[in-house]
Amino acid sequence: MRIPDERALEPGGGHRAAPARSRSGGLTDQVVGLQRSAGNAAVVQLIRENRSVQRDPTGTVDDTEFQKNVSAGDWSKGIGFLTGLDDTAVVATVSKLKPGDREKLRQAAHSASSARLIRVLDGVAGKSVKVSQGEQVGGNTFGIRGAYSWQITPDSIVVNVGMQFKPDAGVTVPSGAWFGYIRSTWNHYSAVNQADPTQKKQIVFNPYEGAGHVIQVTNGEGRANAGHYYVGDSRAAQSVPHEFGHLIGLEDEYERDAADFQRVTDAPAPATAAPVEQAQAAARGLREALHAKESFFEKHKTAEHRRMGMVNAVLAANNIVPDYQRAENALTHQVAKQYQSLFSVELSADVMAQVDSDDKDISDWREQLVGSFQYTTTSIMGDMSDHSHPVEPRHVRAFAAACPASTRRHVGAFDGPLMPLLTYRQSGGTPPPDAEALEVHADGTYRLWRTIDRASRPPSPVGRFAGRLDEPQHSAVRAAVDACGHAEPVSLTPPRGAAKDRVTIGARSSEWGDDQGPPAPWDALATLLHELLGTLTASPSAAITLRQHDGELALVRLGPDDLELDLSGANVRAVSWQDGSPVDEWKAPVGGPRSAVTGAGWTFPLPFGHPFSGTVTAHADDVLAFDGEFWRACSVSVRDSDRILRPVQAAGLR
């Protein structure tokens, strides 16, 4: 929210495309091409008008005739036009259409028997997938029921997974937090064209609350499974993403036999160097114990318990203490290997056949034993102990295959989170336009870019900020996201001249004017985000502020990292105030360098020879700062006594 003051006096704002960058971090010959040819003033004027100044994209498709064909309902001609485009251009062109028109084009492609266009248009339209398979884990058999839909967009493959929560009486489902755990764990990869790595599509997993997988939700701590979550689960940040993997059809990667381990992970079970002789002796002892004969008059469960006792004796003799996957070691793996080699059957299969009752004490013993002799990964589908790379390329490779042939070659490297818990953008408004951006991730980490200091209250430094929310902030954000995750998206047209707020949670976005009051529960989230725009600037990474002391004014670096600036078109203003209103103004050009990097201890003196006395505010405008993608025209202010400018109402000065 912009604080009302003497905005009518201020130029600047907007953005233009980032220049090519040299290895030294400075501007190359391509930097600010328009500045070089037309002068910085021309660029600043375009920025004032909130227009993007960037090179025209190469290879842009002129689809005028295609749009005419669509409007006229001439789908055969539309297909003829698309036939001349490559897959990437087809996706970009068709994605602009309404869903009904895309469906008619898809039907026309099927009628024309165009295999390539059928594949691409089917991808843009989206497909539903169901997966059903069984797995043996720790001596127990489970069923996997995956169901999702996927769709290709110009820059991503979106995998939508409906989760229909059924809470017990009095239970509130923390879906916002759970969805945040899923996105921050799974959204790390792209489908990349090996021939041209610049061609890639993000693989975006989008859980949403709606028809799909039915999941019971219970209070307290419990062991989650794909159909039952617990609100008090202390490991929810791992267990919920793990169970989400089952919802998209993935098998477990813990307590698996060697053959299953290789099938699921595409890698052989780890080799073991444990003594073969000891392992063979233990394997023979286990075989004899498991196949101890059941007498004619003996109850089956009595025989099971007798076999269990004999097995426990063999384990004790070999110093093996069964404890699920935690007991896996070189010896247990060697025993399992030798058991299969000697008897042509997996140890787990014999245990399940000879000790097969489902009583809890027996089934728990069975899993505790069998899991000790099987194999487990550290991934999110395994024991979940790898917090750095929990999701591996094998987990998302099937979704990369949904890409057009030109980009389906392989899954790209670990890219970092692609979909945060929420993103917040404030843009536009009366010049200089706002261009504020905040991303918050499920673990509380955030990234913030500030362009106009008065977009928050009180006004703040500008530039790049990063850190981790404190616990009250994190709790407030999670609660607000959870509430809005249950609400319908909001779309309000901002009043003329107002900046626009846009909030994205998952794949759904809502927007409104920054001075509008969106309906509950969005109003609480809007208020919280406006506050965070200011308070989070307490953790600068590469920022600047304006300081005035003893009549001298300077730009000052904040944070440990460098920020690249262009001061060649910047201006300084002094505004004289009386009774809360501006009465006069002094202005001077900065005359600074076109390329300046805020190294350690950097300050830049500014002219400040104004003739005023009394209350004076200082302003630096049209300070171009590079945010990593665009050049932003920033404005920053300060009071005479080094106090931050307070909000005041403009008096109509021009």
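About the cut-offs
- Residues numbered from 1 in each chain as written.
- Predicted model: local features only at pLDDT ≥ 70, side-chain atom pairs only at ≥ 80, totals over all residues.
- Heavy atoms only, no water.
- Pairing = 2+ DSSP bridges.
- Helix = DSSP H or I, 4+ residues; strand = E, 2+ residues; numbered from the N terminus.
- Core = buried A, V, L, I, M, F, W, Y, C linked by side-chain atoms within 4.5 Å.
- Buried < 20%, exposed > 50% of the residue type's maximum accessible area, 1.4 Å probe, protein only.
- Contact = heavy atoms within 4.5 Å.
- Axes fitted to C-alpha atoms, helices over the stretch in contact; angles between N-to-C directions.
- Salt bridge = Lys/Arg side-chain N within 4 Å of Asp/Glu carboxyl O.
- pLDDT = per-residue confidence, 0-100.
- 1 Å grid on protein atoms, 1.4 Å probe; cavity = no way out; pocket = protein on both sides within 12 Å on 5 of 7 lines; lining within 4 Å.
- Points joined across faces, edges and corners; volume = space filled by probe spheres on them.
- Nonpolar A, V, L, I, M, F, W, Y, C, P; charged D, E, K, R; others polar.
- Lys, Arg positive; Asp, Glu negative; His and termini not counted.
- Polar contact = N/O pair within 3.5 Å; in protein donor to acceptor, adjacent residues only side chain to side chain.
- Parallel < 35°, antiparallel > 145°, perpendicular 65-115°, else oblique.
- Left-handed = near helix turned anticlockwise from the far one by under 90°.

## A closer look at the pairing of strand β4 (residues 140–152)
Thinking step 1. Sheet topology note: the strand β3 (residues 127–137)/β4 ladder contains eleven bridges and is antiparallel. When the sheet's bridge partners are listed, lysine 127 is paired in β4 with tryptophan 150.
Thinking step 2. Note: β4 against strand β5 (residues 156–167), four bridges, orientation antiparallel. Directly across from serine 149, in β5, lies its bridge partner asparagine 160.
Thinking step 3. Linking two consecutive strands that pair antiparallel, namely β4 and β5, is a turn of three residues.

## Description of the nonpolar core
Thinking step 1. Core analysis: the biggest nonpolar cluster contains 57 residues, and Met163 and Trp186 have the highest contact counts within it.
Thinking step 2. The greatest single-element share of this core, amounting to six residues, is contributed by helix α8 (residues 175–186).
Thinking step 3. Setting aside its immediate chain neighbours within four residues, tryptophan 186 contacts Phe205, Pro241, Phe244, Gly245, Ile248, Leu250, Ile380, Met381, Val391, His395 and Val396.
Thinking step 4. Leu565, Ala588, Phe612 and Ala620 belong to the second largest nonpolar core, which has 30 residues in total.

## Notes on the sheet that holds strand β17 (residues 540–549)
Thinking step 1. The nine strands lie next to each other as β16-β15-β11-β12-β13-β14-β17-β18-β23, forming an open sheet whose pairing is antiparallel. The open sheet has two free edges, formed respectively by β16 (508–513) and β23 (603–606), since each of these has just one partner strand. On average, each strand axis in the sheet is tilted by 15° relative to the strand beside it, whichever way the strands run.
Thinking step 2. Seen against the sheet, helix α18 (residues 522–535) touches β11 (422–428), β12 (434–440), β13 (445–450), β15 (499–505) and β16 and runs at an angle of roughly 75° to β11.

## Details of the pattern of salt bridges
Thinking step 1. For the structure on display, the rule yields 30 salt bridges.
Thinking step 2. Note that lysine 77 is salt-bridged to aspartate 74, the shortest N-O span being 3.9 Å.
Thinking step 3. Here glutamate 471 makes a salt bridge to arginine 478, at a shortest N to O gap of 3.5 Å.
Thinking step 4. Residue classification places glutamate 471 among the partly exposed positions, given a relative accessible area of 49%.
Thinking step 5. In this structure, a network of salt bridges that share partners links the residues Glu135, Glu251, Arg256, Asp260 and Arg263.

## Some remarks on the confidence of the model for the protein chain
Thinking step 1. When the pLDDT values of the protein chain are averaged, the result is 82; 84% of them are 70 or greater.
Thinking step 2. Per-residue pLDDT stays below 50 along residues 1–59; that stretch engages in 154 contacts with residues further than four places along the chain or on separate chains.
Thinking step 3. In the predicted structure, residues 639–654 sits below a pLDDT of 50 and forms 48 contacts with residues beyond four places in sequence or in another chain.

## Some thoughts on the layout of surface pockets
Thinking step 1. Estimated volume of the largest pocket: approximately 880 Å³.
Thinking step 2. Along its surface, the largest pocket is lined by 32 residues, and Arg223, Ala224, His242, Glu243 and Tyr254 are the ones closest to its centre.
Thinking step 3. At the level of secondary structure, the elements contributing two or more residues to the lining of the largest pocket comprise β3, β4 and α9 (236–247).
Thinking step 4. Of the residues in the lining of the largest pocket, the class split is nine nonpolar, eleven polar and twelve charged.

## A short note on the side chain of aspartate 233
Thinking step 1. Here aspartate 233 is to be found in the loop between β9 (228–230) and α9.
Thinking step 2. Buried charged residue aspartate 233 carries no salt bridge. Nearest counter-charge: arginine 235, at 5.2 Å.
Thinking step 3. Within the structure, aspartate 233 has its side chain in polar contact with the backbone nitrogen of arginine 235 (distance 2.9 Å).
Thinking step 4. In contact with aspartate 233, not counting residues within four places along its chain, are Gly220, Glu221, Gly222, Ala224 and Ser239.

## Quick notes on the packing of helix α11 (residues 276–290) against helix α14 (residues 347–354)
Thinking step 1. As a packed pair, α11 and α14 sit with axes 10 Å apart at the nearest point and diverge in direction by 20°. By the angle between their directions, the pair α11 and α14 is classed as roughly parallel. Like other packed secondary-structure pairs, α11 and α14 cross with a definite hand, here left-handed. Contacts between α11 and α14 pair Leu286, Arg287 and Leu290 from the former with Leu347, Asp350, Val351 and Gln354 from the latter.

## Description of the packing of helix α6 (residues 99–111) against helix α7 (residues 115–125)
Thinking step 1. Two elements in contact, α6 and α7, have axes separated by 9 Å at closest approach and are oriented at 155°. Taken together, the axes of α6 and α7 lie roughly antiparallel to each other. Both α6 and α7 take part in a crossing whose hand is left-handed. Contacts between α6 and α7 pair Arg102, Leu105, Arg106, Ala109 and His110 from the former with Leu117, Ile118, Leu121, Asp122, Val124 and Ala125 from the latter.
Thinking step 2. Residues of the contact of α6 with α7, tallied by class, amount to seven nonpolar, one polar and three charged.

## Focus on the environment of phenylalanine 165
Thinking step 1. Among the structural elements, phenylalanine 165 can be located in strand β5.
Thinking step 2. Residue phenylalanine 165 is classed as buried on the basis of its relative accessible area, which comes to 9%.
Thinking step 3. Beyond its immediate chain neighbours, meaning those up to four positions away, phenylalanine 165 contacts Val173, Ser175, Trp178, Phe179, Glu209, Ile215, Val217 and Tyr229.

## Some points on the environment of glycine 134
Thinking step 1. Position of glycine 134 among the secondary structure elements: in strand β3.
Thinking step 2. Placed eleven residues apart in sequence, glycine 134 and arginine 145 show a C-alpha to C-alpha distance of 8.8 Å.
Thinking step 3. Residue contacts for glycine 134: discarding those within four places in its chain leaves Phe142, Gly143 and Glu251.

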